[in-house]
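# Remarks on the overall topology
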Amino acid sequence: MSRLLPAGPIRSLMMVAVVATAGLAAPAEVEAFNNQQAASFLSNLQETAAAQLGDTSASDQQKEERFRKLFNESFDVPAIGRFVVGRYWRGASEADRAAFLEVFEDVMVQRFLPLLSENSDERFQIGTVTPDSRNPDMAIIASQIPRAEGEPYKVGWRIREKGDQYRILDIVAEGVSMVITLRSEYATVLKRSGGKISELTAALREKISGGAFAPPQ
C-alpha cells in the first residue's frame with residue numbers, strides 16, 4: 001500500500017483509520033446530513049481507538065480483534081472494495097468478491113495495527129463539516145494533524161450517513177485520496193490479469209504472508 005503521509009502524520013491519522021474527493025459547498029436547504037452527529041462519530045471513533053488499542057494489558061490477538069471490529073464498524077468496506085476494484089467488480093463472482101474483501105481487510109490490519117498500538121496517545125483536530133450538494137447523505141469532515149514544525153497536515157474524511165449510522169468512505173491526506181490511490185495500484189494488477197479479481201486477491205495474499213504491508217521498523 002502506498003504511504004500517503006510521512007510516518008509521524010500517518011500514525012496520527014491512523015488513530016481512527018482502523019483502513020474524499022474535494023468538498024463542494026452545499027446549499028442552505030440541504031439538511032439531510034447531521035453535521036454535529038457526524039463530527040461526534042469521528043471524535044468518538046478516535047477516543048475508542050485510543051482506549052482499546054492503547055491498552056498495554058491486551059494481547060496482540062486481542063488488539064487485532066479490536067482493530068477488525070473498529071474497521072468494519074467504521075468504514076463501508078463493501079463500498080470501498082467495489083470502488084478500488086472499479087469496473088472489474090461487475091464481472092466477478094460473489095465468491096471472488098467475498099474473497100477479495102476478506103484479503104483487503106487483512107491488508108488494512110497488517111498495515112495499520114502496529115501504528116495504532118504504538119501511537120495510541122496521539123490525536124488530530126476535527127474541523128468543519130461540509131455537506132455534499134450532490135449527495136445529501138454524504139459530507140466531508142476536515143481535520144488537521146499538528147506537527148512540531150511547519151503547518152499542520154490537512155486530512156479530509158468522506159462520511160456517509162445511513163439511518164442513524166455513519167461510515168467512512170475515504171480519507172484524503174494533503175489532497176491525496178486513499179481509495180483513488182488504491183484503485184490506481186490495483187488497476188495495474190487487474191489489467192495484467194485480464195480483469196480477474198481472483199488474481200489480485202492472490203497477489204495481495206502473497207504479499208500479506210511476506211509481511212509486505214507491515215510498517216517499516
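Up top you'll find the structure we're talking about.
From a predicted model like this one, the values you see are computed outputs, not experimental measurements.

What counts, and where the lines are drawn
Residues numbered from 1 in each chain as written. Predicted model: local features only at pLDDT ≥ 70, side-chain atom pairs only at ≥ 80, totals over all residues. Heavy atoms only, no water. Helix = DSSP H or I, 4+ residues; strand = E, 2+ residues; numbered from the N terminus. Buried < 20%, exposed > 50% of the residue type's maximum accessible area, 1.4 Å probe, protein only. Areas by Shrake-Rupley, 256 points an atom, 1.4 Å probe, with all protein chains shown as cover. Phe/Tyr/Trp six-rings, centres within 6.5 Å; stacked < 30°, edge-to-face > 60°. Lys NZ or Arg CZ within 6 Å of the ring centre and 35° of its normal. Pairing = 2+ DSSP bridges. Polar contact = N/O pair within 3.5 Å; in protein donor to acceptor, adjacent residues only side chain to side chain. Salt bridge = Lys/Arg side-chain N within 4 Å of Asp/Glu carboxyl O.

## A short note on the overall build of the protein
- Scanning the protein from N- to C-terminus turns up seven helices and five strands.
- For the protein, the succession of helices and strands along the chain, N to C, is α-α-α-α-α-β-β-β-β-β-α-α.
- Counting all 217 residues of the protein, 45% fall into the buried class.
- Within the structure as shown, the protein displays about 10800 Å² of accessible surface, and the carbon and sulfur contribution to it stands at 48%.

## Structural notes on unusual backbone geometry
- Although it is not a glycine, Glu-174 adopts a positive phi angle of roughly 50°.
- Of note, Glu-174 is situated in the loop between β4 (165-173) and β5 (176-177).

## A look at the packing of aromatic side chains
- Under the criterion given, the structure shown has six aromatic pairs.
- Taken together, the ring pairs in this structure connect Phe-67, Phe-71 and Phe-75 into an aromatic cluster.
- Across the ring face of Phe-83, the terminal group of Arg-183 is positioned such that the distance to the ring centre comes to 4.6 Å.

## Things to note about the pairing of β4
- The element β4 is largely enclosed, with a buried count of seven among its nine residues.
- One ladder, built from eight bridges, connects strand β3 (residues 153-162) with β4; its direction is antiparallel. Along β4, the bridge assignment pairs Lys-162 with Gln-165.
- Counting the residues that bridge the hairpin from β3 to β4 gives two residues, and of these Gly-163 lies at a positive phi of roughly 70°.
- Pairing geometry for β4 and β5, over two bridges, is antiparallel. By the bridge assignment, Ala-173 is partnered in β5 with Val-176.
- Hairpin connection of β4 to β5: two residues between the antiparallel strands, including Glu-174 at a positive phi of 50°.

## With respect to the side chain of Ser-177
- Inspection of the secondary structure puts Ser-177 in strand β5.
- Of note is the side chain of Ser-177, whose polar atom sits 2.6 Å from the side chain of Asp-170.
- Here the side chain of Ser-177 touches Ile-180 through a polar contact of 3.1 Å, landing on its backbone nitrogen.

## Description of the pattern of salt bridges
- Summed over the entire model, instances satisfying the criterion amount to nine salt bridges.
- Here Asp-106 makes a salt bridge to Arg-68, at a shortest N to O gap of 2.8 Å. In this pair, Asp-106 sits in helix α5 (residues 94-118) while Arg-68 sits in helix α3 (residues 60-74), placing the two residues 38 residues apart along the sequence.
- Here Arg-134 and Asp-132 are joined by a salt bridge, their closest N and O atoms 3.8 Å apart.
- Among the residues examined, Asp-132 registers a relative accessible area of 4% and is labelled buried.

## Digging into the side chain of Arg-158
- Along the chain, Arg-158 turns up in strand β3.
- For Arg-158, a relative accessible area of 12% gives the class buried.
- In terms of polar contacts, Arg-158 uses its side chain to reach the side chain of Asp-132, at 2.8 Å.

## Quick notes on the sheet that holds β4
- Strand order across the open sheet formed by five strands is β1-β2-β3-β4-β5, with antiparallel pairing between neighbours. Edge positions in the sheet fall to β1 (125-132) and β5, since each of these pairs with one other strand and no more.
- Strand direction decides the pairing type here: strand β2 (residues 135-145) and β3, joined by eight bridges, are antiparallel. Looking across to β3, one finds that Ser-143 is bridged to Val-155.

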